[in-house]
Amino acid sequence: MTQDEMKRAVAQAAIEYVPSGTIVGVGTGSTANYFIDELAKIKGKIDGTVASSIASAERLKGHGIEVMELNTAGRLSVYVDGADESTRHLHLIKGGGGALTREKIVAAASDKFVCIADESKLVDRLGKFPLPVEVIPMARSLVARAIVKLGGEPVLREGFTTDNGNIILDIHNMDIIDPVDLEAKLNDIAGVVTNGLFARRPADVLLLGTPNGVNVLE
C-alpha cells in the first residue's frame, strides 16, 4: 500500500467510530481530508460537524455536510483527526498544518478522540517532528527565549498566520522525555496560546495504517 492508500484505509476504519445521530468533530490535514470524504458517504446519519479549521469547514460544506459552531453544538461524540507523530501511549504531536489550537479545543470537547495515521507517524519518542507552538505575535521574542531555556530551538514559521491571527514557532531538536510535563511548561509561558503536544488529553484510539491493513492501538 502507498502512504495515501494507508491514509484512506484508516479514514474508512474511523467511520466505524462515528455514532448515528450525533455531531462529529473533524480535524485538519491530508489524512483528515480522507475522513471528510468518507464522512460524506454517511452524512445523512449524522446531525452535523464541528471543524477544527477554516479549510476543513470548507471541505465539509463542499460535500453538503452541515458545519456548526462549537458553542452551539456543545459536547461532541467523537473527534477524528490525524497526527504528525504518535507514541504507543497515544501521546501526539500535532499542528504541522497550523490548526493546533482549534484541534485541541475540539478534542477537549469530544467524548472520544480517534487518531488516524499511517505507520510512518509512529515513533518511540516524540520530537523528531518540530513541535509547533501558537504564539501571540507581540510575544514572539519573549516566548522564543523561554523555549531556548527549555532546551529547544524555536524557528518562526515564515509567512504563516493561524486561523486565529497568530504566529507559529516550530521547536526543533527538542528531546521530549515527558510530554505531559513539557505541554504544561510551554502553555505556562506568557504569550503562548497552546502547543502541539496532545499528552494531557491524548488520543483514545490510534488507527494506524500499515501495508497489511489497519492496526488498532488503545
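In the block above lies the structure referred to throughout.
Residues numbered from 1 in each chain as written. Predicted model: local features only at pLDDT ≥ 70, side-chain atom pairs only at ≥ 80, totals over all residues. Heavy atoms only, no water.

For the rest of this paragraph, the subject is the packing of helix 2 (residues 30-39) against helix 3 (residues 54-62). What describes two packed helices is the angle between their axes and the distance between those same axes. Helix 3 packs onto helix 2 with a crossing angle of 25 degrees between their chain directions and a minimal axis gap of 10 Å. Between helix 2 and helix 3, the angle is such that the two are roughly parallel. As helix 2 runs across helix 3, the sense of the crossing is right-handed. Of helix 3, the residues touching helix 2 (which contributes Asn33, Ile36, Asp37 and Leu39) are Ser56, Arg59 and Leu60. Looking at the contact of helix 2 with helix 3 residue by residue, the class counts come to three nonpolar, two polar and two charged. (Axes fitted to C-alpha atoms, helices over the stretch in contact; angles between N-to-C directions. Helix = DSSP H or I, 4+ residues; strand = E, 2+ residues; numbered from the N terminus. Parallel < 35°, antiparallel > 145°, perpendicular 65-115°, else oblique. Left-handed = near helix turned anticlockwise from the far one by under 90°. Contact = heavy atoms within 4.5 Å. Nonpolar A, V, L, I, M, F, W, Y, C, P; charged D, E, K, R; others polar.)

Further remarks concern the environment of Ser20. Mapped onto the elements of the fold, Ser20 is located in the loop between helix 1 (3-14) and strand 1 (23-26). For the pair Ser20 and Asp47, spaced 27 residues apart in sequence, the C-alpha to C-alpha distance is 8.0 Å.

Spatial strand order, 8-9-7-10: four strands in an open sheet with antiparallel pairing. In the strand order of this sheet, the two ends are held by strand 8 (153-156) and strand 10 (192-195), each with one partner. Sheet twist, expressed as the average angle between the axes of neighbouring strands with direction ignored, equals 30 degrees. Here four bridges tie strand 8 to strand 9 (residues 167-172), and the two strands are oriented antiparallel to one another. Pairing of Pro154 across the sheet is with Ile171, part of strand 9. Sitting on the sheet, helix 5 (residues 100-108) is in contact with strand 7 (131-135), strand 9 and strand 10, with an inclination near 70 degrees to strand 10. Strand contacts of helix 7 (residues 179-187): strand 7, strand 9 and strand 10, with the helix running at about 165 degrees to strand 10, the strand carrying the most contacts. (Pairing = 2+ DSSP bridges.)

What follows is about the side chain of Thr22. On the secondary structure map, Thr22 appears in the loop between helix 1 and strand 1. If we ignore the near neighbours within four places in the chain, the residues touching Thr22 are Ile46, Asp47, Gly48 and Ser77.

Moving on, we get to the layout of surface pockets. Space inside the largest pocket adds up to approximately 320 Å³. Of all the secondary structure elements, the ones that give two or more residues to the lining of the largest pocket are strand 2 (48-51), helix 3, helix 4 (70-73) and helix 5. Looking at the lining of the largest pocket, the element that brings in the most residues is helix 3, giving four residues. Contributing to the lining of the second largest pocket are 19 residues, with Thr28, Gly29, Ser30, Ala83 and Asp84 lying nearest its centre. Breaking the lining of the second largest pocket down by element, the ones donating at least two residues are helix 2 and strand 6 (110-118). (1 Å grid on protein atoms, 1.4 Å probe; cavity = no way out; pocket = protein on both sides within 12 Å on 5 of 7 lines; lining within 4 Å. Points joined across faces, edges and corners; volume = space filled by probe spheres on them.)

All right, on to the packing of aromatic side chains then. In the structure shown here, the tally under the stated rule is two aromatic pairs. Among the aromatic residues, those joined into a cluster by ring pairs are Tyr79, Phe113 and Phe198. In this arrangement the basic side chain of Arg157 is found over the ring face of Phe160, its NZ or CZ atom lying 5.2 Å from the centre. (Phe/Tyr/Trp six-rings, centres within 6.5 Å; stacked < 30°, edge-to-face > 60°. Lys NZ or Arg CZ within 6 Å of the ring centre and 35° of its normal.)

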